[in-house]
Amino acid sequence: MHPIGIQVLAEHADAPVAELEQGRQPRVGPRCPCLPGGDGRGGGGEGGAEPSGAGGAGGAAATSRGARESGAPQDYIADFAAIYRRVGDLIAEVAPATLLDVATCFGFLPLLLASGTGSETRHRQRLRCIVGCDLNPALVALAAGYVRQRKLTGVGFVEADILSVNGYGRLPEPSFDVVTAVHLLEHLEPAQAAAAMEALWSLARRRLIVAVPIETAPDTRFGHRQVFTRDSLCALGQATAG
């Protein structure tokens, strides 16, 4: 398992912010298209956890260590809850009205924000438009079905490919206050990652939040094609107009 880098790459209203948080990388759920052979532009690497607002980064790391030492199964739900909590805090700092989650996979982050679960309620008080996009139509349909079933408002999902010339023409707005990309870039080739970052910059008005796993080699079990460090992620952001 590898730590996760959560990097704030853009804050257009003020001075740029760069921050790295350490968490744990969850194992990918069996239905996620970022398994070997999947296309990382859609699906991300969110794993099979349910949306949850519980747990902090420290608690999740402690749980993971304890599980490894005892031989018990890894608590991946707690791991991703810690990541989402940190992303949620970074979102709250901006108090956005609109948010786009790129390569949303099952849509867990948008659904968590829209449901107002736990501490995320404060984000929901300001967010009027939450959008998750993915190039996998089955995942988009699944997330949209959950929205209908739960009668959630202010959140929607669209099929979009940010690497296509007209790939995000279906988005309801040309840009968003905050754009998130959790477990996207590691699934792309370096040239694709640069193009994706340029697209992310163009969509973000105020803040861009990117999360990647920190590995010594790409984990091909999960369809990873490159590795990142804090420095290389910052360099990619700066090289693509960040």
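Residue numbers here run from 1 along each chain, matching the order of that chain's written sequence. With pLDDT at 70 or above as the cut-off, local features in this predicted model cover only qualifying residues; side-chain atom pairs require 80 or more to be listed or tallied, and sums for whole chains, interfaces and linings still use all residues. As a convention, hydrogens and water are excluded, and side-chain values are obtained from all of the structure's heavy atoms.

J.: How do you make sense of the side chain of Glu-186 when you look at a structure like this?
T.: By the criteria applied, helices consist of DSSP H or I runs no shorter than four residues and strands consist of E runs no shorter than two, each listed in order from the N terminus. As for its position among the elements, Glu-186 is in the loop between β5 (176-182) and α6 (190-203). The charged side chain of Glu-186 is buried without a salt bridge, its nearest counter-charge being Arg-225 at 11 Å. Two residues qualify as a contact provided that any one of their heavy atoms is within 4.5 Å of a heavy atom in the partner residue. Dropping the residues within four chain positions of it, Glu-186 is found in contact with Ala-211, Val-212, Pro-213, Gly-223, His-224, Arg-225, Gln-226 and Phe-228. Under the scheme applied here, a residue whose accessible area is under 20% of the maximum for its type counts as buried, over 50% as exposed, and between as partly exposed, the area being computed with a 1.4 Å probe on protein chains only. Lys and Arg are tallied as positive, Asp and Glu as negative. Neither His nor the chain termini are counted. Any Lys or Arg side-chain nitrogen found within 4 Å of a carboxyl oxygen on Asp or Glu counts as a salt bridge.

J.: Any chance you could explain the pairing of strand β2 (residues 98-102) here in plain terms?
T.: Successive side chains on a regular strand alternate, one facing one side of the sheet and the next facing the other. Counting buried positions over the five residues of β2 gives five, a clear majority of the element. Both faces of β2 are covered, namely the face carrying Thr-98, Leu-100 and Val-102 and the face carrying Leu-99 and Asp-101. DSSP calls a pair of strands paired once it identifies at least 2 bridges connecting them. Where β2 lies against strand β3 (residues 129-134), five bridges are found, and the strand directions are parallel. Bridging from a neighbouring strand, Thr-98 pairs with Cys-129 of β3. In this sheet, β5 lies alongside β2 in parallel orientation, the contact comprising three bridges. Paired with Leu-100 across the strands is Val-179, a residue of β5.

J.: Any chance you could explain the nonpolar core here in plain terms?
T.: Buried together is how nonpolar side chains tend to be arranged in soluble globular proteins. Core analysis: the largest hydrophobic core is formed by 30 residues, its most contacted members being Leu-100, Val-102, Val-179, Leu-185 and Met-197. Going through the elements one at a time, β2, β3, β5, α6, β6 (204-213) and α7 (230-239) are the ones with two or more residues in this core. For this core, the element with the most residues is α6, which contributes seven residues. Counting 29 residues, the second largest nonpolar core, distinct from the first, contains Leu-90, Leu-99, Leu-111 and Leu-127. Throughout, nonpolar core names a set of buried Ala, Val, Leu, Ile, Met, Phe, Trp, Tyr and Cys residues whose side chains join them through atoms within 4.5 Å.

J.: What exactly am I supposed to notice about the confidence of the model for the protein here?
T.: Parts of the model with low pLDDT should not have their predicted coordinates read in detail. For the protein, mean pLDDT is 73; residues scoring 70 or higher make up 62% of the total. Here residues 42-68 is modelled with pLDDT under 50, and outside its nearest four sequence neighbours on either side it reaches 74 contacts, counting other chains as well. Residue-level confidence of the predictor is summarised by pLDDT, bounded by 0 at the bottom and 100 at the top.

J.: Would you take a moment to explain helix α5 (residues 137-150) for this structure?
T.: Think of an α-helix as 3.6 residues a turn; residues three or four steps apart then line up on the same face. Taking 1.5 Å of rise per residue, 14 residues should cover 20 Å, and α5 covers 20 Å from first to last C-alpha, within 8% of that figure. Along α5, the residues that are buried comprise Leu-139, Val-140, Ala-143, Ala-144 and Val-147. Along the long axis of α5, the arc covered by the buried residues comes to 130°, so they all point the same way. Residues of α5 that are exposed and point over 90 degrees away from its buried face: Ala-138, Arg-148 and Gln-149. The elements touched by buried residues of α5 are α3 (108-115), β3 and β4 (155-159). Nitrogen and oxygen atoms within 3.5 Å of one another constitute a polar contact, given that in protein one can donate a hydrogen and the other can accept it, and given that sequence-neighbouring residues count only through two side-chain atoms. In this structure Asn-136 caps α5, since a side-chain oxygen of it lies 2.9 Å from the backbone nitrogen of Ala-138. Phi turns positive, to about 55°, at Lys-151, one or two residues after α5. The span expected for a helix works out to 1.5 Å for each residue beyond the first. Here, the arc refers to the directions that run from the helix axis to the C-beta atoms.

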